[in-house]
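Read off the chains here:
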Amino acid sequence: MSICTQHMVISILRKNSNRTVSVSTRHAKQLHAHVVKIKGISNEDNILVLSLYSNLNLLHYSTRLFNSLPSPPPPLAWSSLIKCYTSHSLLHLSFSSFNSMRSLGLPPNPHVFPSLIKASTLLKHAKLACSLHASTVRLGLDSDLYIANALINMYAKFHSFNVNTNAGNVFDHLSLTGKSEIHSVRKVFDMMPVTDVVSWNTVIAGYAQNGMFVESLDMVREMGKNGILKPDSFTLSSILPIFAEHVDVYRGKEIHGYAVRNGFDGDVFIGSSLVDMYAKCNRLEDSLCAFYLLPRKDAISWNSIIAGCVQNGEFDRGLGFFRLMLKENVKPMPVSFSSVIPACAHLTALNLGKQLHGCIVRIGFDDNEFIASSLVDMYAKCGNIKIARYVFDRMEKRDMVAWTAIIMGCAMHGHALDAVSLFENMLEDGVRPCYVAFMAVLTACSHAGLVDESWRYFNSMERDFGIAPGLEHYAAVADLLGRAGRLEEAYDFISNMGVQPTGSVWSTLLAACRAHKSVELAEKVVDRLLLIDPENMGAYVLMSNIYSAARRWKDAARLRIQMRKKGLKKTPACSWIEVGKEVHTFMAGDKSHPYYDKINEASNVLLEQMEKEGYVLDTNEVLHDVDEEHKRELLHNHSERLAIAFGIISTTAGTTIRVIKNIRVCTDCHTAIKFIAKIVGREIVVRDNSRFHHFKNGSCSCGDYW
DNA sequence: GTAGGGTTAG
């Protein structure tokens with residue numbers, strides 16, 4: 001076989017290498033056998049075959065062939081070997097091979113540098129990377145196309161990893177600020193006498209991954225202008241996430257169109273970006289289409305569709321895709337778990353969440369920050385703050401998301417002081433709080449009535465951290481003032497806040513007016529509320545309840561008639577409990593459960609015992625104009641009472657009972673559940689729409705402030 | 001010999 005034919009074969013094999021590795025591998029071995037058979041073992045041919053093996057990433061064959069070469073192997077053989085080590089992430093072997101090569105007296109050749117630069121990038125070893133850059137400068141190789149491309153990638157990656165190259169950066173004299181990596185990217189690019197599509201794509205991706213979207217898109221436009229280079233599938237997959245982030249489905253669609261016209265739409269990278277882009281633009285159906293149309297799906301395509309479903313609130317669908325992924329024998333990645341666990345959190349599926357946690361530990365993903373954060377949140381949202389704290393405490397590295405998850409968890413469970421001290425610990429750890437972290441700590445303050453702390457944090461947001469308070473922060477402070485009974489102050493605060501209040505901000509004040517029995521202010525609030533949000537049925541219900549509590553039945557009825565005219569319906573109260581593998585749902589006064597008679601019987605026995613212990617019915621909570629006996633029945637049939645009674649009769653003694661309710665627990669039920677927990681000697685955890693209540697031994701974790 | 005996609009807290 002002539003060298004010419006071999007080059008042809010190699011180039012064909014290279015073209016095929018991405019598609020059918022096994023076929024190419026077979027061809028490579030055939031070629032090797034052929035060479036040996038026809039010409040015997042010649043060194044030159046062996047080196048050619050070695051470069052073929054290394055191109056196909058066949059580590060085993062490459063090292064075996066390399067070791068069979070007579071010493072010292074020529075530079076080309078070394079560069080093939082080093083390339084192979086780098087692509088197998090055997091980075092230390094890359095460098096030790098380079099050292100061996102140097103110690104044999106071989107000069108460094110241009111071909112080894114790209115692999116070494118890549119290895120130092122993967123190692124995040126800035127000093128090594130910079131000294132390699134310096135070496136290429138000394139050797140006059142820093143403008144070599146391949147070396148410069150590797151350098152661009154290196155600086156771009158270090159910029160995103162936040163790895164500082166200042167100490168040894170060859171552009172040191174140019175750097176005025178502490179962060180010059182992204183400038184070095186441009187610097188290397190601008191110095192290149194010749195660039196190719198890889199150079200452009202590397203800069204474009206570098207900008208895109210560092211949030212420099214304008215610069216990235218400008219480069220794409222410029223690239224199209226020069227007429228020789230055209231955006232390819234790499235370019236597109238780098239810029240699609242920009243439109244996902246900006247929720248710009250129109251421009252995203254334009255790129256989709258360009259991809260179809262240029263035959264890139266079957267590319268699995270583009271496909272996954274499209275799945276993600278449509279999902280992030282709230283177009284789940286388009287996202288699903290893009291997913292189903294993919295000719296080949298890899299683990300990342302599956303991750304994208306799972307995350308897409310979960311982010312769009314389609315939790316069961318997300319879980320379904322996760323199961324399907326496993327069924328199709330696609331190995332889940334850490335991202336698969338961090339995408340699917342929030343679905344368990346939202347569905348309060350504690351058992352499923354625990355099963356997934358088990359998988360995570362078995363696979364060995366439990367040290368992943370993203371997964372750990374999602375687990376902390378999941379356990380907290382499923383009512384198990386202890387395990388949430390355990391997972392958090394075991395985390396080696398805690399980023400702002402992890403801190404926020406545990407602080408919010410503590411807030412939801414009424415552990416306000418823990419939340420506040422965790423927030424302080426976070427600051428001591430040098431982790432800068434973000435918008436959401438302030439939401440968490442302010443929520444904690446509001447759930448516990450910590451007015452002074454709340455003001456302190458609220459005021460420090462903008463002053464110390466440059467974060468402008470948003471609706472959620474104002475809402476938390478307003479809620480706190482209202483619940484502390486400082487109704488007028490809350491009213492003024494909302495009227496003068498920096499952003500337009502929403503109906504829900506006024507709603508919290510309306511609820512506070514109800515709790516503090518201020519009909520007059522409530523009327524003012526409801527006017528403001530309905531001005532912004534005329535269809536807010538919660539406002540009608542609350543106001544009508546406030547009138548009822550003040551025994552102004554006519555006013556209450558007037559509002560209910562208005563509601564009916566507008567066609568607004570109250571969301572029915574509903575509670576649910578997981579027993580065994582089943583979720584049992586109860587509505588207020590619901591007699592449909594197959595065990596209703598038993599539930600009712602247990603409920604009555606409990607009531608007798610409760611009354612003996614001193615429980616007195618609080619009929620203020622019944623807001624219908626009905627007689628006392630009817631009120632009694634209405635209260636005892638509140639959905640959470642039914643769910644708890646069912647939990648008691650269908651689980652073994654001592655088991656914690658976990659109930660979820662879609663609206664807030666009423667005062668009477670809150671009192672009643674404290675008695676029940678004591679009588680049956682169990683912990684009862686109730687999650688309503690804003691927080692958790694842990695009832696144990698006659699008291700509740702919220703300290704009756706909620 | 002070089003380059004590219006996905007993820008987490010409210």
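Because the structure is predicted, anything quoted here is derived from the model rather than measured.

1. Describing the packing of helix α26 (residues 451-465) against helix α27 (residues 471-483)
Part 1 of the reasoning: Interaxial distance between α26 and α27 falls to 11 Å at its minimum, and their mutual angle equals 160 degrees. Taken together, the axes of α26 and α27 lie roughly antiparallel to each other. By crossing handedness, the relation of α26 to α27 is classed as left-handed. Contacts between α26 and α27 involve V451, S454, W455, F458 and M461 on the former and, on the latter, H473, Y474, V477, L480 and L481.
Part 2 of the reasoning: Classifying every residue of the contact of α26 with α27 by side-chain character gives eight nonpolar, two polar and no charged.

2. What to know about the protein's contact with DNA strand B
Part 1 of the reasoning: Neighbouring residues of DNA strand B: 51 residues in total, closest Q209, F234, K280, M333 and K381.
Part 2 of the reasoning: Sugar and phosphate atoms constitute 47% of the interface atoms of DNA strand B, taking the interface as everything within 4 Å of the protein.
Part 3 of the reasoning: One of the side-chain nitrogen or oxygen atoms of D267 is found 3.5 Å away from a base nitrogen of DNA strand B.
Part 4 of the reasoning: Here a phosphate oxygen of DNA strand B and a side-chain polar atom of Q311 are 2.7 Å apart.
Part 5 of the reasoning: Tallied by class, the residues present in the surface near DNA strand B amount to 21 nonpolar, 19 polar and eleven charged.

3. Observations regarding the confidence of the model for chain A
Low-pLDDT stretches of the model should not have their predicted coordinates read in fine detail.
Part 1 of the reasoning: Confidence in the prediction for chain A averages 86 pLDDT; 90% of positions are at 70 or higher.
Part 2 of the reasoning: Per-residue pLDDT stays below 50 along residues 11-23; that stretch engages in nine contacts with residues further than four places along the chain or on separate chains.
Part 3 of the reasoning: Note on residues 173-178: pLDDT under 50 across the span, and six contacts to partners over four residues away in sequence or across chains.

4. A few points about the sheet that holds strand β2 (residues 582-587)
Part 1 of the reasoning: Overall, mixed pairing links the six strands, which are arranged β2-β1-β3-β4-β5-β6 in an open sheet. The strands lining the two open edges of the sheet, one partner per strand, are β2 and β6 (699-700).
Part 2 of the reasoning: With four bridges connecting them, strand β4 (residues 684-687) and strand β5 (residues 692-696) associate as antiparallel partners. Directly across from R687, in β5, lies its bridge partner F692.
Part 3 of the reasoning: Contacts between helix α36 (residues 667-680) and the sheet are confined to β4, β5 and β6, with β5 contributing the most and set at about 40 degrees to the helix.

5. Considering the pairing of β2
Part 1 of the reasoning: Across six bridges, strand β1 (residues 574-579) lies against β2 in antiparallel orientation. In the strand pairing of β2, S575 is matched with F586.
Part 2 of the reasoning: The hairpin formed by β1 and β2 contains two residues between the paired strands, and G580 there has a positive phi angle of roughly 65 degrees.

6. Describing the UniProt feature "repeat: PPR" (unreviewed entry) in chain A
Part 1 of the reasoning: In this numbering, the UniProt entry assigns the feature "repeat: PPR" (unreviewed entry) to residues 196-230, 298-332 and 399-433.
Part 2 of the reasoning: Helix and strand shares over residues 196-230 are 74% and 0% respectively, and the end C-alpha atoms of the span are 10 Å apart.

7. Regarding the side chain of D248
Part 1 of the reasoning: Tracing the sequence through the fold places D248 in the loop between α13 (233-245) and α14 (249-261).
Part 2 of the reasoning: Engagement of the side chain of D248 in a polar contact is seen with the backbone nitrogen of R251, the distance being 3.2 Å.
Part 3 of the reasoning: Once residues lying within four places of it in the same chain are set aside, the contact partners of D248 are F243 and C281.

8. So, unusual backbone geometry
Part 1 of the reasoning: Across the junction of S71 and P72, the peptide omega takes the value -10 degrees, indicating a cis bond.
Part 2 of the reasoning: Within the secondary structure, P72 sits in the loop between α4 (59-68) and α5 (75-87).
Part 3 of the reasoning: The phi dihedral of N329 falls on the positive side, at around 60 degrees, and the residue is not glycine.
Part 4 of the reasoning: We classify N329 as exposed; its relative accessible area is 72%.

9. Quick notes on the nonpolar core
Among soluble globular proteins, nonpolar side chains are generally buried collectively.
Part 1 of the reasoning: Core analysis: the biggest nonpolar cluster contains 180 residues, and M277, I341, I407, L509, L510 and M543 have the highest contact counts within it.
Part 2 of the reasoning: Top contributing element to this core by residue count: helix α9 (residues 145-161), with nine residues.
Part 3 of the reasoning: Formed jointly, this core draws a minimum of three residues from each of two domains, domain 1 (398-469) and domain 2 (474-570).
Part 4 of the reasoning: Residues within four places of L510 in sequence aside, it is in contact with A522, V525, V526, L529, A539, L542, M543 and I546.

10. Focus: the packing of aromatic side chains
Part 1 of the reasoning: Applying the stated criterion to the full structure yields 22 aromatic pairs.
Part 2 of the reasoning: Between the aromatic rings of Y474 and F493, the centroid separation amounts to 5.7 Å while the plane-to-plane angle is 45 degrees, which identifies the pairing as tilted. Remark: F493 occurs in helix α28 (residues 487-495) and Y474 occurs in helix α27; sequence separation between them is 19 residues. Each of the two residues, Y474 as well as F493, counts as buried.
Part 3 of the reasoning: Put simply, the rings of F291, Y292, W302 and F321 touch in pairs and so form one group of aromatic residues.

11. Regarding the pairing of strand β3 (residues 657-661)
Part 1 of the reasoning: Where burial is concerned, most of β3 is hidden: four out of the five residues are buried.
Part 2 of the reasoning: The pairing of β3 with β4 spans four bridges and is classified as parallel. Bridging from a neighbouring strand, I660 pairs with R687 of β4.
Part 3 of the reasoning: Taking the sense of rotation as the criterion, the β-α-β connection linking β3, α36 and β4 turns out right-handed.

12. Here we look at α14
Part 1 of the reasoning: With 13 residues, α14 ought to run about 18 Å at 1.5 Å a step, and its terminal C-alpha atoms sit 18 Å apart, in line with that.
Part 2 of the reasoning: When α14 is considered as a whole, its buried residues turn out to be V249, G252, I255 and A259. Axial view of α14: buried residues confined to an arc of 115 degrees, hence all on one face. α14 presents Y250, E254 and R261 as exposed residues on the side facing more than 90 degrees away from its buried surface.
Part 3 of the reasoning: Where the residues of α14 are buried, they touch α13 and α15 (268-280).
Part 4 of the reasoning: Just past α14, the residue G263 takes up positive phi, approximately 70 degrees.

13. What about the domain arrangement of chain A?
Part 1 of the reasoning: Looking at the assigned domains, one finds that chain A contains domain 1 (398-469), domain 2 (474-570) and domain 3 (574-700).
Part 2 of the reasoning: Distance between the C-alpha centres of domain 2 and domain 3: 27 Å.

14. Some thoughts on the environment of G580
Part 1 of the reasoning: Locating G580 in the fold gives a position in the loop between β1 and β2.
Part 2 of the reasoning: Counting along the chain gives 229 residues from G580 to N351, while the straight-line C-alpha distance between them is 9.4 Å.

15. Overview of helix α33 (residues 596-612)
Part 1 of the reasoning: The end-to-end C-alpha separation of α33 is 24 Å, in line with the 24 Å expected for 17 residues at 1.5 Å each.
Part 2 of the reasoning: Considered for burial, the residues of α33 that qualify are Y596, I599, A602, S603, L606, L607 and M610. For α33, the arc enclosing every buried residue in end-on projection is 145 degrees, short of the 170-degree limit, so these residues lie on one face. Structural note: α33 exposes D597, K598, E601, E608 and K612 on the side pointing more than 90 degrees away from its buried face.
Part 3 of the reasoning: Where α33 is buried, its residues touch β2, α34 (628-636), α35 (639-650) and α36.
Part 4 of the reasoning: In the segment just after α33, G614 is the residue with positive phi, at about 110 degrees.

Cut-offs applied
Residues numbered from 1 in each chain as written. Chains lettered and ligands numbered in written order. Predicted model: local features only at pLDDT ≥ 70, side-chain atom pairs only at ≥ 80, totals over all residues. Heavy atoms only, no water. Axes fitted to C-alpha atoms, helices over the stretch in contact; angles between N-to-C directions. Helix = DSSP H or I, 4+ residues; strand = E, 2+ residues; numbered from the N terminus. Parallel < 35°, antiparallel > 145°, perpendicular 65-115°, else oblique. Left-handed = near helix turned anticlockwise from the far one by under 90°. Contact = heavy atoms within 4.5 Å. Nonpolar A, V, L, I, M, F, W, Y, C, P; charged D, E, K, R; others polar. Near = heavy atom within 4 Å. Polar contact = N/O pair within 3.5 Å; in protein donor to acceptor, adjacent residues only side chain to side chain. pLDDT = per-residue confidence, 0-100. Pairing = 2+ DSSP bridges. UniProt positions renumbered as here; feature names shortened; annotations may be inferred. Buried < 20%, exposed > 50% of the residue type's maximum accessible area, 1.4 Å probe, protein only. Core = buried A, V, L, I, M, F, W, Y, C linked by side-chain atoms within 4.5 Å. Domains from an automatic or database assignment. Phe/Tyr/Trp six-rings, centres within 6.5 Å; stacked < 30°, edge-to-face > 60°. Right-handed = clockwise from strand over helix to strand, strands pointing away. Expected span 1.5 Å × (residues − 1). Arc of directions from axis to C-beta.

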